[in-house]
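# Reading the structure
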Amino acid sequence: MSFTTIPILDLSLAKDEATKPAFLAELRHALMEVGFLYVKNVGISNDDFERVIKEGKAFFDIPEDEKLKIEMKNAKSFLGYSRLSAEITAGAIDHREQIDLSTEHPVPEPGAPLHHNLVAPNQWPSDDVLPNFRAVFTDYMKRMGEISIYFTSLIAEAIELPNNAFDKYFDEDQQHKLKIVKYPDAGYLGAKGKDGNQGVGPHKDSMLSSYLLQASHHKGLQVQNMKGEWIDCPPIEGTLVVAIGQALEALTQGVCVSTTHRVLSPAAGEGARFSIPFFQGVKRDAEFEDLENVGVGKVPEHIKDQRRKVLERYGTRLDDCEFTFRTGGVAKTLGEATFRNRVKSHPDVGERWYPDILASIREEQVRAAQSVGIRPSAGTPVAA
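Residues numbered from 1 in each chain as written. Predicted model: local features only at pLDDT ≥ 70, side-chain atom pairs only at ≥ 80, totals over all residues. Heavy atoms only, no water.

## Digging into the nonpolar core
Put simply, the rule is: We define the nonpolar core as a collection of buried residues of types Ala, Val, Leu, Ile, Met, Phe, Trp, Tyr and Cys that are connected through side-chain atoms lying within 4.5 Å of one another. Remark: exposure states derive from per-residue accessible area (1.4 Å probe, protein chains only) relative to the maximum for the residue type, with buried under 20%, exposed over 50%, and partly exposed in between. Helix and strand labels come from DSSP, where a helix needs a run of H or I of at least four residues and a strand needs a run of E of at least two; each type is numbered from the N terminus. Any two residues having at least one pair of non-hydrogen atoms within 4.5 Å are treated as being in contact.
Core analysis: the largest hydrophobic core is formed by 72 residues, its most contacted members being L27, F137, Y140 and F151. Counting residues per element, this core draws most heavily on helix α4 (residues 133-158), which supplies 12 residues. Setting aside its immediate chain neighbours within four residues, F137 contacts V52, E55, G56, L101, W124, L178, I180 and I276. I6, V34, V241 and A243 belong to the second largest nonpolar core, which has 16 residues in total.

## A short note on the sheet that holds strand β7 (residues 177-183)
Think of a sheet as strands paired side by side through backbone hydrogen bonds, with each pair either parallel or antiparallel. What counts here: Note: two strands are recorded as paired if DSSP finds a minimum of 2 bridges between them. Whenever a helix is involved, its axis is fitted only over the stretch in contact; in every case the axis is a line through C-alpha atoms, and angles between N-to-C directions fall within 0 to 180 degrees.
The strand order across the open sheet formed by eight strands is β1-β2-β12-β9-β14-β7-β6-β3, and the pairing between neighbours is mixed. Both edges of this open sheet fall to β1 (8-10) and β3 (80-82), since each of them pairs with a single strand only. Neighbouring strand axes in the sheet, compared pairwise and without regard to direction, differ in orientation by 25° on average. As paired elements, strand β9 (residues 209-214) and strand β12 (residues 239-244) share four bridges and run antiparallel to each other. Each bridged residue has a counterpart across the sheet, and for S209 the counterpart in β12 is I244. Across the sheet, helix α1 (residues 20-33) touches β1, β2 (36-40) and β12, and the angle it forms with β1 is around 150°.

## What to know about helix α2 (residues 46-59)
Along an α-helix, residues three or four positions apart point the same way, because every turn accommodates 3.6 residues. Note the threshold: Here a helix's expected span is defined as the number of its residues, less one, multiplied by 1.5 Å. Working definition: the arc comes from the directions between the helix axis and the C-beta atoms, pointing outward to the latter.
With 14 residues, α2 extends 20 Å between its outermost C-alpha atoms, agreeing within 8% with the 20 Å of an ideal straight helix rising 1.5 Å per residue. By the burial criterion, the buried members of α2 are D48, F49, V52, I53, E55, G56 and F59. Buried residues in α2, looked at end-on, bunch into an arc of 170°, giving them a common side. Away from its buried face by more than 90 degrees, α2 exposes D47 and K54.

## Concerning the layout of surface pockets
The criterion, for reference: Grid spacing is 1 Å over the protein atoms alone, the probe is 1.4 Å, and a cavity is where that probe fits but cannot get out, while a pocket is an open set with protein on both sides within 12 Å along at least five of seven lines and lining residues have an atom within 4 Å of a point. Grid points are joined across faces, edges and corners, and a volume is the space filled by probe spheres set on the points. All amino acids are sorted into three groups, where Ala, Val, Leu, Ile, Met, Phe, Trp, Tyr, Cys and Pro are nonpolar, Asp, Glu, Lys and Arg are charged, and the leftover types, Gly among them, are polar.
Put simply, the second largest pocket is a space of about 240 Å³. Along the wall of the second largest pocket there are 16 residues; nearest its centre are I53, Q214, I236, E237 and G238. Of all the elements in the fold, those that place two or more residues in the lining of the second largest pocket are α2, β9 and β12. It is α2 that provides the largest number of residues to the lining of the second largest pocket, a total of five residues. By residue class, the composition of the lining of the second largest pocket is seven nonpolar, six polar and three charged.

## With respect to helix α11 (residues 355-371)
Between its terminal C-alpha atoms α11 stretches 24 Å, which fits the 24 Å expected from 17 residues at 1.5 Å a residue. Residues L358, I361, Q365 and A369 constitute the buried set of α11. One face of α11 carries all of its buried residues, which in axial projection span an arc of 75°. Those residues of α11 that are exposed and aimed more than 90 degrees away from the buried face are D356, R367, Q370 and S371. If you follow the buried residues of α11, they end up packed against α9 (334-345) and α10 (347-353).

## A few points about the confidence of the model for the chain
Caution is warranted with low-pLDDT regions, since their predicted coordinates should not be read in detail. Under the convention used in this document: Each residue carries a pLDDT score, the predictor's confidence in it, ranging from 0 to 100.
Per-residue pLDDT for the chain averages 90, and the proportion of residues at 70 or more is 91%. A low-confidence stretch, residues 375-384 stays under pLDDT 50, and its non-local contacts, those more than four residues away or across chains, total 16 contacts.

## Things to note about the packing of aromatic side chains
For clarity, the cut-off: Only Phe, Tyr and Trp rings take part, Trp by its six-membered ring, and two of them pair if their centres are within 6.5 Å. Stacked means planes under 30 degrees apart, edge-to-face means over 60, and tilted covers everything else. Only when the NZ of Lys or the CZ of Arg is both within 6 Å of the ring centre and within 35 degrees of the ring normal is a charge said to sit over the ring.
This model, assessed by the stated rule, comprises 12 aromatic pairs. Ring geometry for F59 versus F133: centroids 6.0 Å apart, planes at 35°, classification tilted. Of this pair, F59 sits in helix α2 while F133 sits in helix α4, placing them 74 residues apart in sequence. The two residues F59 and F133 agree in class, both being buried. An aromatic cluster is defined as three or more aromatic residues linked by ring pairs; in this entry it consists of F59, F60, Y81, W124, F133, F137 and F274. Over the aromatic face of W230 sits the side chain of R262, whose NZ or CZ is 4.1 Å from the ring centroid. Sitting above the plane of the Y314 ring, R313 keeps its charged end 5.1 Å from the centroid.

Structure, rendered in structure tokens:
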């Protein structure tokens with residue numbers, strides 16, 4: 001049967017030559033059969049995790065006018081604060097409030113491609129209201145960047161590739177991103193939640209891997225197994241939840257699986273759920289043609305055969321979210337595709353800074369909907 005729980009791996013075992021082979025075997029199982037895993041003993045202390053959680057939660061308690069000073073639509077970078085219910089996933093509103101950050105970079109040079117606007121300085125909350133916030137998250141993103149690159153080398157080893165197989169897809173000063181997210185409970189949402197309890201709609205992450213720090217006791221994160229069932233991924237103290245992205249699935253010729261997941265809003269009376277996901281970046285000008293046809297080299301046939309046997313064992317893969325990492329679209333590079341997805345997910349930013357791009361995306365969506373006999377609602381932005 002398909003997976004019914006999420007495996008837990010101990011990263012410290014990978015650093016001991018005596019236990020590393022067993023760790024890599026467990027990792028290979030998680031990559032091929034689940035696409036999600038918990039990882040513990042990552043090299044960040046519980047005290048440091050608690051400091052990150054404390055600062056992250058404190059952001060939502062600052063005055064509204066301080067948040068709006070750094071609202072996402074104020075900048076071209078899609079970094080900054082998003083009001084409650086401002087983002088769209090799978091064609092529906094996500095009931096969450098958040099701030100998007102990234103490892104710090106300068107403003108792009110004049111004349112740079114539009115998607116380079118994603119790599120830019122952060123909009124930080126004022127030190128007057130959160131004096132420790134910037135230092136805490138700058139340090140956390142740096143450490144998580146190092147952990148994610150190391151973990152990717154272990155993924156390569158787990159499928160018998162050289163440990164530096166993915167290095168060509170990282171920029172020298174690679175940008176990584178992070179969100180701090182608050183999911184209000186259904187009681188707080190009231191009328192806003194009348195269309196459902198979608199914290200985040202069903203989706204697959206687009207890059208190589210992401211690392212979620214679940215910052216409160218609530219359940220809500222769910223992962224879809226190959227039978228189409230939703231499996232809970234509850235918080236476990238001292239762990240990060242690792243999700244495999246579509247870029248990794250493409251680069252490994254389908255051996256490492258990217259799994260659909262979603263977040264449900266807490267029930268009324270349970271209080272807000274908090275989470276802090278970190279998204280490992282990938283070289284922004286990496287071309288789909290190279291990613292799909294050159295990639296990281298040939299995965300050994302006996303490793304591919306293990307993945308084929310998983311598919312044979314469980315039959316057809318039932319999935320609420322299609323694999324979208326493909327050549328043949330408007331975008332030719334991963335950065336362009338990411339940029340268009342950001343415009344789609346944040347139409348308020350698109351309307352202000354990229355109206356022509358947003359218009360073309362909406363036209364594409366209308367044509368796609370008509371091709372399958374669906375008529376988009378008038379006045380409603382359609383988004384994948």
